[in-house]
Amino acid sequence: RKEVEQDPGPFNVPEGATVAFNCTYSNSASQSFFWYRQDCRKEPKLLMSVYSSGNEDGRFTAQLNRASQYISLLIRDSKLSDSATYLCVVSPYGQNFVFGPGTRLSVLP
Amino acid sequence: DAGVIQSPRHEVTEMGQEVTLRCKPISGHNSLFWYRQTMMRGLELLIYFNNNVPIDDSGMPEDRFSAKMPNASFSTLKIQPSEPRDSAVYFCASRQTGLPSGANVLTFGAGSRLTVL
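Scoring rules and cut-offs
- Residues numbered from 1 in each chain as written.
- Chains lettered and ligands numbered in written order.
- Predicted model: local features only at pLDDT ≥ 70, side-chain atom pairs only at ≥ 80, totals over all residues.
- Heavy atoms only, no water.
- Core = buried A, V, L, I, M, F, W, Y, C linked by side-chain atoms within 4.5 Å.
- Buried < 20%, exposed > 50% of the residue type's maximum accessible area, 1.4 Å probe, protein only.
- Helix = DSSP H or I, 4+ residues; strand = E, 2+ residues; numbered from the N terminus.
- Contact = heavy atoms within 4.5 Å.
- Pairing = 2+ DSSP bridges.
- Axes fitted to C-alpha atoms, helices over the stretch in contact; angles between N-to-C directions.
- Salt bridge = Lys/Arg side-chain N within 4 Å of Asp/Glu carboxyl O.

**Considerations on the nonpolar core**
And then number 1: Counting residues in each nonpolar core, the largest one holds 24 residues, and the members touching the most others are Phe-21, Trp-35, Ile-71, Leu-73, Ile-75, Tyr-86 and Leu-105 of chain A.
And then number 2: Breaking this core down by element, the ones donating at least two residues are β3 (19-25), β4 (30-38), β5 (45-50), β7 (60-65), β8 (70-75), β9 (84-92) and β11 (103-108) of chain A.
And then number 3: In contact with Leu-105 of chain A, not counting residues within four places along its chain, are Phe-11, Val-13, Val-19, Phe-21, Ile-75, Asp-82, Ser-83, Ala-84 and Tyr-86 of chain A.
And then number 4: Core analysis: the next-biggest nonpolar cluster, separate from the first, contains 21 residues, Leu-21, Leu-32, Trp-34 and Ile-79 of chain B among them.

**Comments concerning the sheet that holds strand β6 (residues 55-57) of chain A**
Residues and elements named next belong to chain A.
And then number 1: A sheet is described by the order of its strands in space; here five strands give the open sequence β1-β3-β8-β7-β6, paired in antiparallel fashion. Here the strands that pair on one side only, and so sit at the sheet edges, are β1 (4-6) and β6. Here the average twist between neighbouring strands, direction ignored, is 15°.
And then number 2: In this sheet, β8 lies alongside β3 in antiparallel orientation, the contact comprising six bridges. Paired with Phe-21 across the bridge in β8 is Leu-73.

**Considering the pattern of salt bridges**
All names here are of chain B.
And then number 1: In this structure the tally under the stated criterion is twelve salt bridges over all chains.
And then number 2: Residues Glu-62 and Arg-64 are paired through a salt bridge, measuring 2.8 Å at the closest nitrogen-oxygen approach.
And then number 3: According to the relative accessible area criterion, Arg-64 is buried, its value standing at 9%.
And then number 4: When salt bridges that share partners are traced, they join Glu-62, Arg-64, Glu-83, Arg-85 and Asp-86 into one network.

Structure below.
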């Protein structure tokens with residue numbers, strides 16, 4: 001089993017749609033959690049950290065369920081500019097960073 | 001802040017040649033990571049350093065790969081001899097340790113795209 005798994009995608013949604021991505025991780029000792037965004041032929045960039053109580057940043061909401069070892073990302077009112085690959089990232093022991101395979105999102109006009 | 005700086009951005013070389021990739025982390029960051037990304041395998045951690053000391057190199061594919069961090073502002077990843085299966089984008093990333101978990105984030109360089117013919 002991979003250490004971090006994500007919905008394979010791709011997700012093709014119309015502008016304005018709400019889309020949710022799921023991620024599961026296997027290491028129960030994981031301490032830090034993040035969502036990164038990667039545009040085509042670019043480096044990954046931090047989208048948001050994920051906190052135990054859940055957190056929101058504008059149209060983006062992240063949730064963490066430690067008991068189920070599950071992380072989610074919700075994007076509301078999706079924009080064309082949201083088209084990218086979304087990477088779930090887990091940091092076991094707060095040391096290294098393990099990336100999921102990513103879920104590709106295409107927002108269509 | 002100039003961010004994480006990698007060079008070269010692109011390299012095309014022939015099988016058997018030595019390849020050296022370079023990275024300058026963000027000033028003040030004390031932890032540096034080398035990742036490799038391919039379509040088939042995604043982002044794989046190769047090695048990471050804390051305070052210039054290699055902590056985990058279990059992701060280094062084989063003896064052909066080596067990484068050094070002689071000081072806090074410079075790291076190299078060397079492949080010798082290179083093979084076609086080494087073709088990938090190599091990313092360097094840095095962070096500052098000791099921050100609260102939510103602030104404990106990685107910042108990536110633009111990557112070095114390697115093609116081995």
